[in-house]
Amino acid sequence: MTNIFKANHENIIKAAEVIKSGKLVGMPTETVYGLGANAFDANAVAKIYQAKNRPSFNPLISHIAEIDMIKEIGIADERFFVLANQFWPGPLTMVIQRTNPKLDLACAGLNTTTVRMPKHKVAMDLIKASGVPIVAPSANLSTTISPTTAEHVYESLGNRVDMILDGGACNVGLESTIIDLTTNKVVLLRAGGLEVEKLEEFLNQKIVNAKSNPEAPSSPGQMLKHYAPNKQLRINVITPCCDEFYIGFGDMNCHLNLSKTKNLLEASANLFAYLRVADKNLEYNKISIAPIPLNGLGLAINDRLERAKNSD
Ligand code: TXA
Ligand code: MG
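Residues numbered from 1 in each chain as written. Chains lettered and ligands numbered in written order. Predicted model: local features only at pLDDT ≥ 70, side-chain atom pairs only at ≥ 80, totals over all residues. Heavy atoms only, no water.

A. Quick peek at the pairing of strand β14 (residues 244-248). In terms of residue burial, β14 counts as a mostly covered element, since 5 of its 5 residues are buried. Here β14 shows two buried faces, one formed by Glu244, Tyr246 and Gly248 and the other by Phe245 and Ile247. Sheet analysis places β14 next to strand β16 (residues 286-289), joined by 4 bridges and oriented parallel. From the neighbouring strand, Ile247 faces β16, where its bridge partner is Ile289. (Buried < 20%, exposed > 50% of the residue type's maximum accessible area, 1.4 Å probe, protein only. Helix = DSSP H or I, 4+ residues; strand = E, 2+ residues; numbered from the N terminus. Pairing = 2+ DSSP bridges.)

This is the structure we're talking about:
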């Protein structure tokens, strides 16, 4: 018996009750499945860190369903509203100054916080029915591959989650793009489901990449090993070895192809699920993956692979 429930109206209302009673819900978003709890309930938030084995210095994103909820979280400036208006709901997370002390644990004590509005009807309905912001990291054990289906959540966390809402496979497949708005620059903390080019074009300015800028604000989670399969992973591979499960990109011979037509959205949506298949395969004891271009969503794909390969 699993704790997976179809995400219909009745079960979303049930899940909202679970959230309100201080328990954990696995919920679909357009990026990856989240492990949700009431952001204002420190006991519930503590359960997230515990269920994931997540270091408590690594803060969580608050998910909101109405822009007005921001008042209960932090101080948003004009840039925030302009960006929210353009890209929300969607895979963009913004770091702002925090005001609410109830978010102490969710923010790991930082005086800043992250917020996003997910582009997924189930997530939005759940937040609205709960009446509070929902903090949700990816619903997997810390350092492992992020979940893009309800089954992945169950495989990773089992009954550590009180209820999992099944809303089908995530259509973006990579976590949100995180930008920091706490200085007068816009700083990229994590490449993700919203292409940096789209942000730069809209803002008509270059975004500073925290990775290549030691003086820029940083993100605790970006220091960590992450997305790691159990098997050894090589990236940018053109000629795979005979003991490697080969994940391809473009028109080529391989075991699984992220996108035959080199469509980066398709590749993103497939990435984590394919890494899981490769990891479970009994015939090959290693994994290799073809080169993925660094533009658009390719930036986020390469970021995830770089950190996944450091697992050995
Ligand atoms: O797409 C997503 O963002 C998914 C779905 C479920 O919404 N969530 C997600 O959460 O990826 P998580 O916890 O796996 O990643 C959140 C990242 C972490 O790397 C964390 O360190 C960073 O956001 N973060 C959270 N609060 C921060 C803050 N105040 N300043 C800098 N980084 C922060
Ligand atoms: Mg994560």
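Still more to cover.
B. How the structure looks around the side chain of Asn270. Assignment of secondary structure puts Asn270 in helix α7 (residues 264-280). Among all residues touching Asn270, those that are not within four sequence positions of it are Asn257 and Leu258. (Contact = heavy atoms within 4.5 Å.)

C. Quick look at the environment of Leu141. As for its position among the elements, Leu141 is in the loop between β8 (134-135) and α5 (150-157). Excluding residues that lie within four positions of it along the chain, Leu141 makes contacts with Ala51, Lys52, Asn53, Ser156, Leu157 and Arg160.

D. Up close: the pattern of salt bridges. For the structure on display, the rule yields 17 salt bridges. Linking Glu17 and Lys20 is a salt bridge whose minimum nitrogen-to-oxygen distance equals 3.5 Å. Here the residue Glu17 and the residue Lys20 both occupy positions in helix α1 (residues 9-20), the gap between them amounting to 3 residues, near one helical turn. Taking the relative accessible area as the measure of exposure, Lys20 reaches 44% and is therefore partly exposed. Among the ionic pairs, Arg116 bridges to Glu30, the shortest N-O distance being 2.9 Å. With Arg116 in strand β7 (residues 112-116) and Glu30 in the loop between β2 (25-27) and β3 (34-38), the pair connects residues that are 86 residues apart, well separated along the chain. (Salt bridge = Lys/Arg side-chain N within 4 Å of Asp/Glu carboxyl O.)

E. Looking closely at the site of ligand 1. In the neighbourhood of ligand 1, 27 residues make up the surrounding shell, with Thr31, Asn58, His63, Ser176 and Gly221 lying closest. Contact between ligand 1 and Thr31: an oxygen atom at 2.7 Å from a side-chain N or O atom of the residue. Taking Ser176, its side chain carries an N or O atom lying 2.6 Å from an oxygen atom of ligand 1. Relative to its free-state accessible area of 680 Å², ligand 1 is covered by the protein chains to the extent of 97%. Taking a 2 Å distance to the grid points as the criterion, the majority of the atoms of ligand 1 fall inside the largest pocket. At the level of elements, β4 (61-63), β7 and β11 (187-190) are the ones that each hand at least two residues to the shell around ligand 1. Top element by residues in the shell around ligand 1 is β7. It accounts for 4 residues. Looking at the shell around ligand 1 residue by residue, the classes come out as 10 nonpolar, 13 polar and 4 charged. (Near = heavy atom within 4 Å. Polar contact = N/O pair within 3.5 Å; in protein donor to acceptor, adjacent residues only side chain to side chain. Areas by Shrake-Rupley, 256 points an atom, 1.4 Å probe, with all protein chains shown as cover. 1 Å grid on protein atoms, 1.4 Å probe; cavity = no way out; pocket = protein on both sides within 12 Å on 5 of 7 lines; lining within 4 Å. Sits in = over half its atoms within 2 Å of the grid points. Nonpolar A, V, L, I, M, F, W, Y, C, P; charged D, E, K, R; others polar.)

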